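# Breakdown of the fold
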Amino acid sequence: MMLVGGSGWSDNACRDIAAFAQANDLPVCCSFRRQDIVDNRLGCFVGDLGTGASPSLVSRCKEADLLLAVGARIGEITSQSYTLLGIPDPGKMLIHVHTAAEELGRVFRPSLAIQSGMPEFAAAAAALPPVAAGRWSLWREAVRAEYESGLVSPPTRTPLDLGKIMKWLRDRLPDNAVVTSDAGNFSGWPNRFLQYRRPGRQLGPTSGAMGYGVPAAVAAKLVYPGRLVLGFCGDGGFMMTGQELATAALEGTGPIILLFNNSMYGTIRMHQERRFPGRVVGTALKNPDFPALARAYGALGASVKRTEEFEAAFEEAVAYKGAAVIELKMDPEAITTRTTLSEIRRQAESRQAAQV
Ligand SMILES: Cc1ncc(C[n+]2csc(CCOP(=O)(O)OP(=O)(O)O)c2C)c(N)n1
Ligand SMILES: [Mg+2]
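Let me sum up the structure you'll find in this document. (Residues numbered from 1 in each chain as written. Chains lettered and ligands numbered in written order. Predicted model: local features only at pLDDT ≥ 70, side-chain atom pairs only at ≥ 80, totals over all residues. Heavy atoms only, no water.)

Further remarks concern the nonpolar core. Core analysis: the biggest nonpolar cluster contains 30 residues, and Leu-169, Phe-232, Phe-260 and Ile-326 have the highest contact counts within it. For this core, the elements supplying multiple residues, two or more each, are helix H5 (162–172), helix H6 (188–193), strand S9 (229–234), strand S10 (256–261), strand S11 (300–304), helix H12 (310–319) and strand S12 (324–329). Apart from residues lying up to four places away in sequence, Leu-169 is in contact with Leu-194, Leu-230, Phe-232, Leu-258, Phe-310 and Phe-314. By size, the runner-up hydrophobic cluster in this structure holds 25 residues, among which are Leu-26, Cys-30, Val-38 and Val-70. (Core = buried A, V, L, I, M, F, W, Y, C linked by side-chain atoms within 4.5 Å. Buried < 20%, exposed > 50% of the residue type's maximum accessible area, 1.4 Å probe, protein only. Helix = DSSP H or I, 4+ residues; strand = E, 2+ residues; numbered from the N terminus. Contact = heavy atoms within 4.5 Å.)

Attention shifts here to the packing of aromatic side chains. In the structure shown here, the tally under the stated rule is 9 aromatic pairs. Summarising the aromatic geometry, the rings of Tyr-82 and Phe-108 are spaced 6.3 Å apart at their centres and angled 25° between planes, so their arrangement reads as stacked. With Tyr-82 in the loop between strand S4 (66–70) and strand S5 (93–98) and Phe-108 in the loop between S5 and strand S6 (112–115), this residue pair connects regions lying 26 residues apart in the sequence. Look at Tyr-82 and you get partly exposed, because its relative accessible area is 36%. Exposure remark for Phe-108: the relative accessible area of 4% places this residue in the buried category. Geometrically, the ring pair formed by Phe-232 and Phe-260 is tilted, given 5.9 Å between the ring centres and 40° between the ring planes. A residue pair is termed long-range when its members are at least 10 positions apart, and Phe-232 in strand S9 and Phe-260 in strand S10 qualify at 28 residues. Directly above the aromatic system of Tyr-224 lies the positively charged group of Arg-227, at a separation of 4.0 Å from the ring centroid. Over the aromatic face of Phe-276 sits the side chain of Arg-279, whose NZ or CZ is 5.6 Å from the ring centroid. (Phe/Tyr/Trp six-rings, centres within 6.5 Å; stacked < 30°, edge-to-face > 60°. Lys NZ or Arg CZ within 6 Å of the ring centre and 35° of its normal.)

Next up on the list: the sheet that holds strand S3 (residues 45–49). Strand order in the open sheet made by the 6 strands is S3-S2-S1-S4-S5-S6, with parallel pairing throughout. Lying at the two open borders of the sheet, with one neighbouring strand each, are S3 and S6. Between one strand and the next, the sheet's axes are offset by a mean angle of 20°, whatever the strand orientation. The sheet contact formed by strand S2 (residues 28–31) and S3 spans 4 bridges and is parallel. (Pairing = 2+ DSSP bridges. Axes fitted to C-alpha atoms, helices over the stretch in contact; angles between N-to-C directions.)

Before going further, it helps to spend a moment on the pattern of salt bridges. If you walk through the whole model with that rule in mind, you get 19 salt bridges. The closest approach of N and O atoms between Asp-36 and Arg-198, which form a salt bridge, is 3.7 Å. Placement of the pair is Asp-36 in the loop between S2 and S3 and Arg-198 in the loop between H6 and strand S8 (201–203), with a sequence separation of 162 residues. You can call Asp-36 buried: its relative accessible area is 3%. The structure contains a network of salt bridges with shared partners spanning Asp-11, Asp-36, Arg-198 and Arg-201. (Salt bridge = Lys/Arg side-chain N within 4 Å of Asp/Glu carboxyl O.)

Buried residues of H5: Leu-162, Gly-163, Ile-165, Met-166, Leu-169 and Arg-170, and no others. End-on, the buried residues of H5 take up no more than an arc of 160°, which puts them together on one face. Away from its buried face, by an angle of more than 90 degrees, H5 presents the exposed residues Lys-164 and Asp-171. With a side-chain oxygen positioned 3.2 Å from the backbone nitrogen of Gly-163, the residue opening H5 is Asp-161. (Arc of directions from axis to C-beta. Polar contact = N/O pair within 3.5 Å; in protein donor to acceptor, adjacent residues only side chain to side chain.)

Our focus in this paragraph is the site of ligand 1. Every one of the 17 residues lining ligand 1 counts as a neighbour, but Gly-208, Asp-235, Gly-236, Gly-266 and Thr-267 are closest to it. Here an oxygen atom of ligand 1 sits 2.9 Å away from a polar atom, N or O, in the main chain of Asn-185. Between ligand 1 and Thr-267 there is a distance of 2.6 Å, counted from an oxygen atom to a side-chain nitrogen or oxygen. Protein contacts shield 76% of the accessible area of ligand 1, which totals 580 Å² for the unbound molecule. Going through the elements one at a time, helix H8 (235–241) and helix H10 (266–275) are the ones with two or more residues in the shell around ligand 1. Counting residues per element, the shell around ligand 1 draws most heavily on H8, at 4 residues. When its residues are assigned to classes, the shell around ligand 1 shows 7 nonpolar, 9 polar and 1 charged. (Near = heavy atom within 4 Å. Areas by Shrake-Rupley, 256 points an atom, 1.4 Å probe, with all protein chains shown as cover. Nonpolar A, V, L, I, M, F, W, Y, C, P; charged D, E, K, R; others polar.)

Turning next to the coordination of the magnesium ion (ligand 2). Listed as protein donors to the magnesium ion (ligand 2) are Asp-235 (OD), Asn-262 (OD1) and Met-264 (O); their distances from the metal cover 2.1 to 2.2 Å. Counting along the primary sequence, the residues that act as donors to the magnesium ion (ligand 2) give the motif D-x26-N-x1-M. Of the two residues, Asp-235 is situated in helix H8 and Met-264 in the loop between S10 and H10; the sequence distance between them amounts to 29 residues. The two residues Asp-235 and Met-264 agree in class, both being buried. (Donors = N, O, S within 2.8 Å, 3.2 Å for Na, K, Ca; no water.)

Residue placement: Gln-202 occurs in strand S8. Within the local environment of Gln-202, its side chain forms a polar contact with the backbone nitrogen of Arg-34, the two atoms lying 3.3 Å apart. Of note is the side chain of Gln-202, whose polar atom sits 2.6 Å from the side chain of Gln-35. Here Gln-202 is in contact with Arg-33, Arg-34, Gln-35, Asp-36, Val-179, Asn-191 and Tyr-196, once residues within four sequence places are set aside.

In structure tokens:
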């Protein structure tokens with residue numbers, strides 16, 4: 001299993017590492033919010049090891065006899081809170097390539113440590129004669145099939161089907177689209193269901209800091225006025241830095257912001273329900289009228305409550321000359337792409353009952 005991540009990836013280096021993976025039929029996953037390093041539509045791409053990593057990918061990484069980590073720090077998020085590998089002996093062959101010497105062997109002792117920049121390593125790897133891949137081709141195919149089945153979300157009974165909306169966007173976004181993301185549970189939707197690639201980009205805080213999504217989208221649109229720029233954020237994150245819409249207005253430019261409104265700090269609420277079910281403290285939000293607020297900045301403001309309203313709202317936003325904010329009125333139950341808030345509470349309550 002190859003894991004790509006970190007920074008310093010040129011478009012050429014991305015092409016080289018994909019060529020290396022394909023020549024050797026290696027499955028490639030990526031670290032949190034580094035999904036644009038390898039074209040997600042290639043058969044070698046098998047998903048991301050972020051906060052909402054698919055359980056099947058996590059077990060495949062544990063099952064792999066060799067992990068080749070290229071550019072990624074194997075930190076808390078990537079290592080799934082330090083459960084992915086043994087410490088300090090990873091329990092398998094680990095080859096770690098990183099630009100910074102102090103990252104190599106920091107937690108996990110690699111069998112082979114390589115200090116290198118990404119373009120240099122990727123070019124050298126692409127130039128290697130391929131090894132006989134036959135032994136693991138079926139395994140790679142199986143892991144890819146699991147990734148592909150994860151792209152299909154079960155239909156919901158609620159009026160707003162976020163899985164369907166993400167699928168529509170996956171087909172609609174041009175190859176060079178720039179997708180930015182704030183931090184919060186809503187980001188599980190674009191992380192799991194969109195497919196990233198170069199020359200498009202995925203820009204997001206790998207630290208998980210809120211407040212990045214809107215300003216990053218404004219900046220990306222200023223740098224690439226001709227590209228479609230789509231910024232994802234939650235209602236909590238939008239209330240931190242959404243006023244950067246004024247910068248978009250000042251500069252006469254504008255990205256499209258998809259604002260996932262669940263009237264709460266959903267991530268924190270999820271952790272509250274998980275540890276102290278039913279004890280909800282300080283996570284409810286009383287929000288302004290977001291479309292009206294967007295219009296106050298000269299932006300287009302729209303609110304989508306039903307799946308079928310999304311397409312028209314999106315196309316109107318694409319055609320609009322300035323920034324656009326599309327609020328998605330969420331069912332607060334849709335707390336992650338895989339489970340509901342009540343289910344998390346129910347599981348926590350039964351865990352607690354078992355402890356008593
Ligand atoms: C600057 C900053 N403050 C606080 C946090 C802790 N935090 C992580 S997610 C989250 C809530 C996010 O709420 P929202 O933007 O509405 O997204 P949701 O989780 O509801 O989808 C908070 C407070 C953070 N990551 N960054
Ligand atoms: Mg929220």
